[in-house]
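Coordinate analysis (summary)
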Amino acid sequence: MKKNKELARQHRVIQEQKINNLEKEKKILSMASMIDGQESERIRIAKDLHDGIGGLLTSVRTQIKRIEKEVSILSEFDLYKKTNQLIDEAATEVRRISQNLMPSVLRLEGLEVALEDLCTRLREVHDLKVDSHFDFRELNISETQQTFIYRIFQELTNNIVKHANATEVLMQVNNYGDHLNMIIEDNGQGFAFDKLEPQGGLGLKSIQSRVDFLSGEMEISTAAGDGTSISINIPLEEKREV
Ligand SMILES: Nc1ncnc2c1ncn2[C@@H]1O[C@H](COP(=O)(O)OP(=O)(O)OP(=O)(O)O)[C@@H](O)[C@H]1O
Ligand SMILES: [Mg+2]
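Residues numbered from 1 in each chain as written. Chains lettered and ligands numbered in written order. Predicted model: local features only at pLDDT ≥ 70, side-chain atom pairs only at ≥ 80, totals over all residues. Heavy atoms only, no water.

**Some thoughts on the overall build of the chain**
For the record, the criterion: For the purposes of this entry, the term helix denotes a DSSP run of H or I that reaches at least four residues, the term strand denotes a run of E that reaches at least two, and both are numbered from the N terminus. Values of the radius of gyration come from C-alpha atoms, whereas the globule rule sets the reference at 2.2 Å times the count of residues to the power 0.38. Any residue under 20% of the maximum accessible area for its type is buried, any over 50% is exposed, and the rest in between are partly exposed; the area is computed with a 1.4 Å probe on protein chains only. Any two residues whose heavy atoms approach within 4.5 Å at even a single point are treated as in contact. Charge assignment in this entry is limited to Lys and Arg as positive and Asp and Glu as negative, and neither His nor the chain termini are counted. A charge is said to be at NZ when it belongs to Lys, at CZ for Arg, at CG for Asp and at CD for Glu.
Regarding its fold elements, the chain presents 5 helices and 5 strands. Since a compact globule built from 242 residues should have a radius of gyration of about 18 Å, the 25 Å found for the chain marks it as more spread out than a globular shape. Considering only C-alpha atoms, the chain reaches an extent of 105 × 40 × 40 Å along its principal axes. Per-residue burial over the chain gives 35% buried out of 242 residues. Within the chain, contacts between residues at least 6 apart in sequence are counted, and of these 69% link residues at least 24 apart. Put simply, the chain has 32 plus and 40 minus side-chain charges, and the middle of one group is 7 Å from the middle of the other.

Written as structure tokens, this is what we have:
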């Protein structure tokens, strides 16, 4: 009788664990698909803005130049100058917004150049010594996946600039055929990862969601005064179309 009760209790515990795991999986999935939806939407809006409105503004500028050729006196009017200035401002603003939504370097030149660009910025703007090595040999991943990886590195480098107080950074991506390994290390002040407040920043949480969405794993190795090393593995064999 006692044995039966114990068995029933164990069965209940296992069932509860299964339900917990399922709920967790469901949560990760819905978060991942939300992020995926947001990212595809951002890419779409960035393209529409850049190619659509950006293109239109370029045409407006060309037309106005034509009118100026016909009516050369126009260039002496303040109102005309101001109009030109406003068109330039609108074009810059469109470029700025679409750049934020999806960096044009990523759109035009792909992930490797975009990551090199991040490194150059760390070197030139933030005076960091950056050692980078990217091996993307025949890496065939979708635009959304590329954007995810770019955003992960973008947030990790933001964190280095914001929190690490480092002088050196190592950034690596290696394609091992069945998985992609990304490493980012700094020699800064490090932090106590397990003592982070749950209600704290969003950066690492959003990185974790992106890694989950890519079915990957992230390992953070850091300690106060000891720099930070983050390694992320993304499986490649799963040819998921996103
Ligand atoms: N490379 C790093 N070096 C030192 N501390 C770091 C580093 N990366 C993260 N941290 C610490 O981890 C915390 C959490 O980082 P996270 O990116 O989640 O949030 P945040 O940067 O504070 O805010 P948000 O990203 O939302 O703007 C940071 O506040 C910082 O204390
Ligand atoms: Mg952050």
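**Focus: unusual backbone geometry**
In the Ramachandran plot, Asp-127 falls in the positive-phi region, its phi being about 60° despite a non-glycine side chain. As for its placement among the helices and strands, Asp-127 is situated in the loop between helix H3 (104-124) and strand E1 (129-135). Positive phi is not limited to glycine here, since Ser-215 has a value of about 60°. With respect to the secondary-structure elements, Ser-215 resides in the loop between helix H5 (203-213) and strand E4 (217-222). Residue Ser-215 is classed as partly exposed on the basis of its relative accessible area of 33%.

**Side note on the pattern of salt bridges**
The cut-off we apply is this: Counted as salt bridges are all cases of a side-chain nitrogen of Lys or Arg within 4 Å of a carboxyl oxygen of Asp or Glu.
Tallying each qualifying case throughout the model produces 4 salt bridges. For Glu-68, the salt bridge identified is with Lys-65, shortest N-O distance 4.0 Å. One end of the pair, Glu-68, and the other, Lys-65, are both in helix H1 (residues 2-70), 3 residues apart, so they sit about a helical turn from each other. The partner of Lys-81 in a salt bridge is Asp-78, and the shortest N-O contact between them spans 4.0 Å. With Lys-81 and Asp-78 both in helix H2 (residues 78-101) and 3 residues apart, the pair spans about one turn of that helix. By relative accessible area, Lys-81 is classed as partly exposed at 45%.

**Here we look at the nonpolar core**
Note the threshold: What we call a nonpolar core is a set of buried Ala, Val, Leu, Ile, Met, Phe, Trp, Tyr and Cys residues that are connected through their side-chain atoms within 4.5 Å. Start and end positions for the domains come from either an automated domain assignment or a database one.
Residues Leu-115, Phe-153 and Ile-232 are the most contacted members of the largest nonpolar core, which totals 53 residues. Among the domains, domain 1 (12-101) and domain 2 (105-235) are the pair contributing at least three residues each to this core. Leave out the neighbours within four places in its chain, and Leu-115 touches Phe-134, Phe-136, Tyr-150, Phe-153 and Val-173.

**With respect to H5**
Taken together, the buried positions of H5 are Gly-203, Leu-204, Ile-207, Ser-209, Arg-210, Val-211 and Phe-213. As for H5, its buried residues are in contact with H1, helix H4 (143-164), E4 and strand E5 (228-235). Positioned one or two residues after H5, Ser-215 has a phi angle of 60°, which is positive.

**A short note on the packing of H3 against H4**
Rule in force here: Only the stretch in contact is used when fitting a helix axis, every axis being a line fitted to C-alpha atoms; angles between N-to-C directions are given from 0 to 180 degrees. An angle below 35 degrees is read as roughly parallel, one above 145 as roughly antiparallel, one from 65 to 115 as roughly perpendicular, and any other as oblique. In this classification, the charged set is Asp, Glu, Lys and Arg, the nonpolar set is Ala, Val, Leu, Ile, Met, Phe, Trp, Tyr, Cys and Pro, and all remaining amino acids, among them Gly, are polar.
Put simply, H3 and H4 touch, their axes get as near as 11 Å, and they point 10° apart. Taken together, H3 and H4 sit at an angle that is classed as roughly parallel. Residues Leu-106, Gly-110, Leu-111, Ala-114, Leu-115, Leu-118, Arg-121 and Leu-122 of H3 form the contact with H4, whose own contacting residues are Gln-146, Thr-147, Ile-149, Tyr-150, Phe-153, Gln-154, Thr-157 and Val-161. Looking at the contact of H3 with H4 residue by residue, the class counts come to 10 nonpolar, 5 polar and 1 charged.

**Focus: the packing of aromatic side chains**
Operational definition: Side-chain rings of Phe, Tyr and Trp, where Trp is taken by its six-membered ring, are said to pair if the distance between their centres is within 6.5 Å; with planes under 30 degrees apart they count as stacked, over 60 as edge-to-face, and otherwise as tilted.
Within the structure shown, the criterion is met by 3 aromatic pairs. Aromatic side chains Phe-134 and Phe-136 sit 6.2 Å apart centroid to centroid with 35° between the ring planes, which places their arrangement in the tilted category. Neither residue differs from the other here; Phe-134 and Phe-136 are each classed as buried. Between Phe-148 and Phe-213 the ring centres are 5.1 Å apart and the planes differ by 50°, which places this aromatic pair in the tilted class. Here the residue Phe-148 occupies a position in helix H4, and Phe-213 occupies one in helix H5, the gap between them amounting to 65 residues.

**Quick notes on the pairing of E5**
Formally: For two strands to count as paired, DSSP must find a minimum of two bridges between them.
Burial along E5 is one-sided: the face carrying Thr-228, Ile-230, Ile-232 and Ile-234 is buried and the face carrying Ser-229, Ser-231, Asn-233 and Pro-235 is not. Of the strand pairs in this sheet, strand E3 (residues 179-186) and E5 are connected by 8 bridges, and their pairing is antiparallel. Looking across to E5, one finds that Met-182 is bridged to Ile-232. The sheet contact formed by E4 and E5 spans 6 bridges and is antiparallel. Looking at the pairing, Ile-220 lines up with Ile-230 of E5. Here E4 hands over to E5 after 5 residues, with Gly-225 in that stretch at a positive phi of 80°.

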